[in-house]
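Read off the chains here:
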Amino acid sequence: LAKTTQPISMDSYEGQEVNITCSHNNIATNDYITWYQQFPSQGPRFIIQGYKTKVTNEVASLFIPADRKSSTLSLPRVSLSDTAVYYCLVGDVGFQKLVFGTGTRLLVSP
Amino acid sequence: EADIYQTPRYLVIGTGKKITLECSQTMGHDKMYWYQQDPGMELHLIHYSYGVNSTEKGDLSSESTVSRIRTEHFPLTLESARPSHTSQYLCASSEYMVGAGANVLTFGAGSRLTVL
């Protein structure tokens, strides 16, 4: 089970790009990296998933270096509504026990 | 629109009562999970299931029990509620997404339990 480490909190302003890095030094060959977003009093919501290099969707990009020991979630031009906790998870297709780490609390200010 | 439903959303109950938190999903997912989360704190996995008649304990020890008699239903029961059980309980299910590599979790809205 690959353990993940993220910064506890980050601050940003509206319109800026935010990059949140997750360390997973003991990631296994079959593991994928998945990021979730959680607002207060709600369940987490899937943002993006990747295995290597770069993945982009309509809300975020995920950058994974060649050694895969870390990953960076990039949120372009954040708004106040992006204030939330962001979690990265590492696991494979058959990985049944999905354990969340402490997450990164992002605060976006006007 | 939510495909995973939790009831009740809010429950205030006295010590010693038996409670069942319901979780149902309409997506046909085999894997289901229960997480416990206190306000502002991280999620802790307390139970998970591979499929019908399969249940496993998670990383956080819990006095609750679960059952999985039907694919779509994964209820959580506390036989005798105590104030220490006050928390938010989140149910989730997962699927293998075509084109993706690993299970992606879909969460319900949660059940907030307060034990007096």
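Structure: above.
Structure report, in brief. None of these values were measured; they are calculated from a predicted model.

## A short note on the overall build of chain A
Along the backbone of chain A there are 0 helices and 9 strands. Reading the secondary structure of chain A in the N-to-C direction produces β-β-β-β-β-β-β-β-β. The C-alpha radius of gyration of chain A comes to 13 Å, within 12% of the 13 Å expected for a compact globule of 110 residues. Seen through its C-alpha atoms, chain A measures out along the principal axes to roughly 40 × 30 × 25 Å. A buried classification covers 45% of the 110 residues belonging to chain A. A fraction of 56% describes how many contacts in chain A between residues 6 or more apart in sequence connect residues 24 or more apart. As displayed, chain A has an accessible area near 5500 Å², and 52% of this comes from carbon and sulfur atoms. Between the mean site of the 9 positive side-chain charges and the mean site of the 8 negative ones, chain A shows a separation of 6 Å.

## Notes on the pairing of strand β7 (residues 70–75) of chain A
Residues and elements named next belong to chain A. Buried residues dominate β7, accounting for 5 of its 6 residues. Where strand β6 (residues 61–64) and β7 come together, 3 bridges link them in antiparallel fashion. Paired with F63 across the strands is T72, a residue of β7. The hairpin formed by β6 and β7 contains 5 residues between the paired strands, and R68 there has a positive phi angle of roughly 60°.

## Digging into the pattern of salt bridges
Residue and element names in this part refer to chain B. According to the stated counting rule, one finds 3 salt bridges over all chains in the structure shown. Its salt-bridge partner being K18, residue E79 comes within 3.9 Å of it at the nearest N-O pair. Note that E79 is positioned in the loop between β8 (76–78) and β9 (87–96) and K18 in the loop between β2 (10–13) and β3 (19–25), a separation of 61 residues in sequence. You can call E79 exposed: its relative accessible area is 52%. Across the salt bridge formed by R82 and E63, the nearest N and O atoms sit 2.7 Å from each other. Placement of the pair is R82 in the loop between β8 and β9 and E63 in the loop between β6 (56–57) and β7 (65–66), with a sequence separation of 19 residues. Taking the relative accessible area as the measure of exposure, R82 reaches 36% and is therefore partly exposed.

## Notes on the interface of chain B and chain A
Facing 26 residues of chain B, the contacting portion of chain A comprises 23 residues. Where chain B touches chain A, the interface holds 0 salt bridges. Looking at the side of chain B that touches chain A, the elements with two or more residues in it are β4 (31–37), β5 (44–49), β9 and β10 (103–107) of chain B. Residues that form the side of chain B that touches chain A fall into these classes: 15 nonpolar, 6 polar and 5 charged.

## Let's talk about the packing of aromatic side chains
Residue and element names in this part refer to chain B. The full count for this structure, using the stated rule, is 5 aromatic pairs over all chains. Consider the rings of Y35 and F107, whose centres lie 5.6 Å apart with planes at 45°: the pair is tilted. Linking Y35 in strand β4 with F107 in strand β10, this pair joins segments that are 72 residues apart in sequence. The residues Y35 and F107 share a single accessibility class, namely buried. Three or more aromatic residues joined by ring pairs form one cluster here, namely Y33, Y35 and F107. Just above the ring of F74 sits the side chain of R68; from NZ or CZ to the centre is 5.8 Å.

## A closer look at the sheet that holds strand β3 (residues 32–38) of chain A
Residue and element names in this part refer to chain A. Spatial strand order, β1-β9-β8-β3-β4: 5 strands in an open sheet with mixed pairing. The sheet is open, and its two borders are formed by β1 (9–13) and β4 (45–50), each paired with just one other strand. Between one strand axis and the next, the sheet turns through 25° on average, direction left out of account. As paired elements, β3 and β4 share 5 bridges and run antiparallel to each other. The partner of W35 across the bridge, within β4, is I48.

## Points about the nonpolar core
Ranked by size, the top nonpolar core spans 20 residues in total, and within it A:W35, A:I47, A:L73, A:L75 and A:Y86 carry the most contacts. No other element matches strand β8 (residues 84–91) of chain A, which puts 4 residues into this core. Excluding residues that lie within four positions of it along the chain, A:Y86 makes contacts with A:Q6, A:I20, A:W35, A:Y36, A:Q37, A:I47, A:L73, A:L75, A:G103, A:T104 and A:L106. B:I19, B:C23, B:V66 and B:L113 belong to the second-largest nonpolar core, a separate cluster that totals 17 residues.

Criteria and thresholds
- Residues numbered from 1 in each chain as written.
- Chains lettered and ligands numbered in written order.
- Predicted model: local features only at pLDDT ≥ 70, side-chain atom pairs only at ≥ 80, totals over all residues.
- Heavy atoms only, no water.
- Helix = DSSP H or I, 4+ residues; strand = E, 2+ residues; numbered from the N terminus.
- Rg over C-alpha atoms; globule rule 2.2 N^0.38 Å.
- Buried < 20%, exposed > 50% of the residue type's maximum accessible area, 1.4 Å probe, protein only.
- Contact = heavy atoms within 4.5 Å.
- Areas by Shrake-Rupley, 256 points an atom, 1.4 Å probe, with all protein chains shown as cover.
- Lys, Arg positive; Asp, Glu negative; His and termini not counted.
- Charge placed at Lys NZ, Arg CZ, Asp CG, Glu CD.
- Pairing = 2+ DSSP bridges.
- Salt bridge = Lys/Arg side-chain N within 4 Å of Asp/Glu carboxyl O.
- Nonpolar A, V, L, I, M, F, W, Y, C, P; charged D, E, K, R; others polar.
- Phe/Tyr/Trp six-rings, centres within 6.5 Å; stacked < 30°, edge-to-face > 60°.
- Lys NZ or Arg CZ within 6 Å of the ring centre and 35° of its normal.
- Axes fitted to C-alpha atoms, helices over the stretch in contact; angles between N-to-C directions.
- Core = buried A, V, L, I, M, F, W, Y, C linked by side-chain atoms within 4.5 Å.

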